[in-house]
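Working through the structure, step by step
Each chain, written out:
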Amino acid sequence: MDSHSRPRLLVFVVAYHAETTIEPTLRRIPTRLLDDFDVEVLVIDDSSTDQTFDRGETMRRDEALPFALTVLFNPSNQGYGGNQKIGFHYAIRNRFDFVALIHGDGQYAPECLPELVEPLASDRADAVFGSRMLRKSAALRGGMPLYKFVGNRILTTVQNALLRARLSEWHSGYRLYSTDALRRIPFHLNSDGFQFDTEIIIQLLRSGQRITEIPIPTYYGGEISRVNGIPYAKNVVMACLKARVQEWSLFYDRKFDCAPEASSRSPYTPKLDFQSTHTLARDHIPPGSRVLDIGCAGGYLGDTLRSRGCHTTGIDAVALGQESSLDAFHRHDLNERPFPLDLENFDFAIMLDVIEHLHSPESFVDDFLAAASRNQKLQLVASTGNVAFIVTRLMLLFGQFNYGKRGILDLTHTRLFTFGTFRRLFEQSGFDVLELRGVPAPFPLVVGSGVMGRFLMRVNTMLIAISRSLFAYQIFAVVRPRPTLQTLLDSAQRESGARSAALAKTTAVQRQSTGPLSAIAVH
C-alpha cells in the first residue's frame with residue numbers, strides 16, 4: 001500500500017445501454033466510504049448508442065457526487081471482459097489500492113460496498129466476491145429466474161469440481177480486488193467476453209491468492225440480460241477444463257500460467273515411488289558403483305544412489321542446494337564444449353530428461369564419447385520424452401501442438417525424439433544400444449498414488465507391451481560407447497608393439513637355441 005494517509009478505492013462501473021439506471025446507481029454509492037478511503041468513481045461506457053455517457057458526464061460536470069467522478073467512452077465496443085481490462089489497467093496505472101466492480105444497471109447493490117471492501121482493507125483477502133448463493137434460497141426470493149438459479153448451481157458445482165475450489169458462486173459480477181492481486185495475474189490475456197469473470201477466478205486460484213465471499217442481496221428488475229446462456233456455459237466450462245488439463249501438461253495457455261515461482265512444482269520432481277525413469281536408473285546401477293549424475297538438478301537421484309553405497313558425482317549449471325549430499329559436484333553448462341570431466345574412473349553416467357534441453361544433443365554425445373574413450377566399460381543411462389506418445393498424436397490430429405511448462409512438449413525443450421531417432425542419436429555417434437524400453441506416464445503425480453494412479457500405471461504398462469512407440473510416455477536407454485578411431489589406433493599401435501616385441505623375443509630365443517648346431521653343420 002502507498003504511503004498516503006488513507007487507502008485509495010476506485011469504484012469502477014461498467015456500463016452499456018444504461019441511460020435509465022446509471023444516475024440512480026451512482027447516487028446509491030455510500031458516502032460513508034469517504035470515512036476510510038480516498039474514493040474515485042470511474043464509469044466506462046462501452047460504446048453505447050443511447051445517452052449513457054451523456055448522463056454520466058452531466059453528473060461529473062454538475063459535481064453531483066461527493067466523490068471524484070471520471071466518465072470514459074470506448075470508441076468501439078470492447079465487450080464485458082474487455083471493458084474490465086481497461087478499468088483494471090486504469091486502477092493500476094493510477095496507483096489505487098483497491099478496485100470495486102459494479103454494474104451500471106444497478107443489479108448489484110452499491111450499498112454493500114463498505115462491507116465488501118473491509119476484508120481487503122484489513123488484509124484478510126486479495127479478492128472479495130459478493131455471492132447471491134451463500135444464503136439459502138435468497139437468490140430465488142430476490143427474483144432470480146429458476147432456470148438461471150439452477151444453471152448457476154450446476155455450473156458452479158462443475159467448476160468447483162474441475163478446479164478443486166469451494167466457491168458458492170462463480171457467476172456474480174460484484175467483485176472487489178486488491179490492485180496488488182491484479183498485478184500478479186495476466187488478466188490482460190483473458191477473453192473480452194463474459195467468460196472473463198471465470199478466467200480471472202482461475203488466475204486468482206492458480207496464483208494462490210485469497211478469495212473471500214460475502215452475501216449480497218439479489219435483485220432482478222427490468223435490466224436486459226446480454227448473456228447467451230448455452231454458449232456462456234460452454235465457454236466457462238471449457239476454460240476450467242483447459243486450466244485443469246494444463247496441470248497434466250497436455251495443454252498450455254499463457255493466461256493460466258500464473259502460479260508463483262516459489263510454489264511451482266519443479267519439472268524435476270523425484271519419481272521414486274512408482275515405475276519411472278528414476279526407478280529404472282536406480283535399479284540398473286549396482287550398489288557400490290561410481291556414478292556421474294549429468295544434469296543432476298537437486299541431486300535427489302544421486303542422493304538415493306549414495307544411500308545404496310554408490311559414490312556419486314553431480315554436474316549441472318545450477319548449484320546444488322544445501323540439502324543435497326553428493327560426494328562431489330561440478331558446476332558446468334552442458335551446452336559448453338568440451339565435456340569437462342575425464343570419465344575413466346566412472347562405472348555409470350546417468351542423464352535423465354536432460355538431453356532434450358541441449359542446444360545440440362549430437363555435439364554433446366560426441367564430446368561425451370571422447371571423454372569416455374579410455375573407459376570401455378562405462379554405461380550411459382539416458383531418458384527423454386516420446387513425442388510419438390498417443391496423446392501427442394491425437395492432439396496433432398486435431399491441429400494442436402501445445403507446448404507447456406513440463407512434459408513431452410516442455411517449453412524449454414529444443415529437440416524432440418521418438419524411439420527411432422533416440423536410438424540413431426547414439427548409434428550414429430558411436431555407441432552400442434544395450435537397452436531401449438518404454439516408460440508409462442507419471443499418473444501418480446497427476447491423480448495421486450492411490451487406486452486410480454496404480455490402475456492407470458498398470459494399463460499403460462500393458463499397452464506399452466503392445467506398442468511402445470505409441471503408448472510409452474518416455475524412452476529409457478542404456479548405451480555404451482564404442483572405441484573411438486583414436487582409441488582403436490592407439491590400441492592397434494600398442495598391440496602391434498607388444499606383438500613385435502614378442503616376435504623379437506621369440507626370434508632371439510630361437511637363434512640362441514639353434515646357433516651351435518648350425519655351426520657344426522657348416523663344418
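Described below are features of the structure shown in this document. (Residues numbered from 1 in each chain as written. Predicted model: local features only at pLDDT ≥ 70, side-chain atom pairs only at ≥ 80, totals over all residues. Heavy atoms only, no water.)

Let's talk about the overall build of the protein
- Of regular secondary structure, the protein possesses 18 helices and 14 strands.
- By the compact-globule yardstick of 24 Å for 523 residues, the protein is too spread out, its C-alpha radius of gyration being 34 Å.
- Buried positions account for 49% of the 523 residues belonging to the protein.
- Long-range contacts, defined as pairs at least 24 residues apart, comprise 74% of the intrachain contacts of the protein with a sequence gap of at least 6.
- When the accessible surface of the protein is split by element, carbon and sulfur atoms take 54% of a total near 25,500 Å².
- One finds the centroid of the 57 positive side-chain charges in the protein at a distance of 7 Å from the centroid of its 55 negative side-chain charges. (Helix = DSSP H or I, 4+ residues; strand = E, 2+ residues; numbered from the N terminus. Rg over C-alpha atoms; globule rule 2.2 N^0.38 Å. Buried < 20%, exposed > 50% of the residue type's maximum accessible area, 1.4 Å probe, protein only. Contact = heavy atoms within 4.5 Å. Areas by Shrake-Rupley, 256 points an atom, 1.4 Å probe, with all protein chains shown as cover. Lys, Arg positive; Asp, Glu negative; His and termini not counted. Charge placed at Lys NZ, Arg CZ, Asp CG, Glu CD.)

Here we look at the sheet that holds strand E12 (residues 379–385)
- Read from one edge of the open sheet, seven strands run E10-E9-E8-E11-E12-E14-E13, paired in mixed fashion. Because the sheet does not close on itself, it has two edges, and the strands there are strand E10 (328–331) and strand E13 (431–439). Shown here is a sheet whose adjacent strand axes are inclined to one another by a mean of 15°, direction ignored.
- Bridge count for strand E8 (residues 290–294) against strand E11 (residues 348–352) is three bridges, and the pairing is parallel. Its bridge partner being in E11, Asp293 is matched across the sheet by Ile350.
- Against the sheet, helix H10 (residues 277–284) touches E11, E12, E13 and strand E14 (474–481), its axis set at about 30° to E14. (Pairing = 2+ DSSP bridges. Axes fitted to C-alpha atoms, helices over the stretch in contact; angles between N-to-C directions.)

What about the pattern of salt bridges?
- In this structure the tally under the stated criterion is 28 salt bridges.
- Two residues, Asp253 and Lys255, come together in a salt bridge whose shortest N-O distance is 2.9 Å. The exposure classification of Asp253 matches that of Lys255, with both residues buried.
- In this structure, the salt-bridge partner of Asp347 is Arg290, at a minimum N-O distance of 2.9 Å. In this pair, Asp347 is assigned in the loop between E10 and E11 and Arg290 in strand E8, connecting sequence segments 57 residues apart. (Salt bridge = Lys/Arg side-chain N within 4 Å of Asp/Glu carboxyl O.)

Some words on unusual backbone geometry
- In this structure, Pro338 follows Arg337 across a cis peptide bond, with omega equal to -5°.
- Secondary-structure assignment places Pro338 in the loop between E10 and E11.
- One non-glycine residue with positive phi stands out, namely Ser47, at about 65°.
- On the basis of relative accessibility, which here comes to 17%, the residue Ser47 falls in the buried class.
- A positive phi is found at Arg95, a non-glycine position, where the angle reads about 60°.
- Along the polypeptide, Arg95 turns up in the loop between helix H3 (79–93) and strand E4 (98–103).

Comments concerning the packing of aromatic side chains
- The full count for this structure, using the stated rule, is 19 aromatic pairs.
- Considering the side-chain rings of Tyr90 and Phe96, the 6.4 Å spacing of their centres and the 25° angle between planes classify their relative orientation as stacked. Across the pair, exposure class does not vary: Tyr90 and Phe96 are buried alike.
- Between the aromatic rings of Phe389 and Tyr473, the centroid separation amounts to 5.4 Å while the plane-to-plane angle is 90°, which identifies the pairing as edge-to-face. One end of the pair, Phe389, is in the loop between E12 and helix H13 (390–397); the other, Tyr473, is in the loop between helix H17 (468–471) and E14, with 84 residues separating them in the sequence. Comparing Phe389 with Tyr473, the two get one shared label, buried.
- Following the ring pairs from residue to residue traces out a cluster consisting of Phe339, Phe364, Phe368, Phe417, Phe422, Phe426 and Phe431. (Phe/Tyr/Trp six-rings, centres within 6.5 Å; stacked < 30°, edge-to-face > 60°.)

What about the pairing of strand E6 (residues 175–178)?
- Alternating positions in E6 separate into two faces, Arg175 and Tyr177 on one and Leu176 and Ser178 on the other, with burial throughout.
- Bridge count between E4 and E6: four bridges; the pairing is antiparallel. Opposite Leu101, over in E6, you have Arg175 as the bridge partner.

Looking at the nonpolar core
- Membership of the largest hydrophobic core comes to 36 residues, with the highest contact counts inside it found for Ile294, Phe368, Phe422 and Phe426.
- If you list the elements that add at least two residues to this core, you get E8, E11, helix H12 (361–371), E12, helix H14 (419–427), E13 and E14.
- It is H12 that contributes the most residues to this core, five residues altogether.
- Leave out the neighbours within four places in its chain, and Phe368 touches Ile294, Phe339, Leu343, Ala349, Leu378, Leu380 and Phe431. (Core = buried A, V, L, I, M, F, W, Y, C linked by side-chain atoms within 4.5 Å.)

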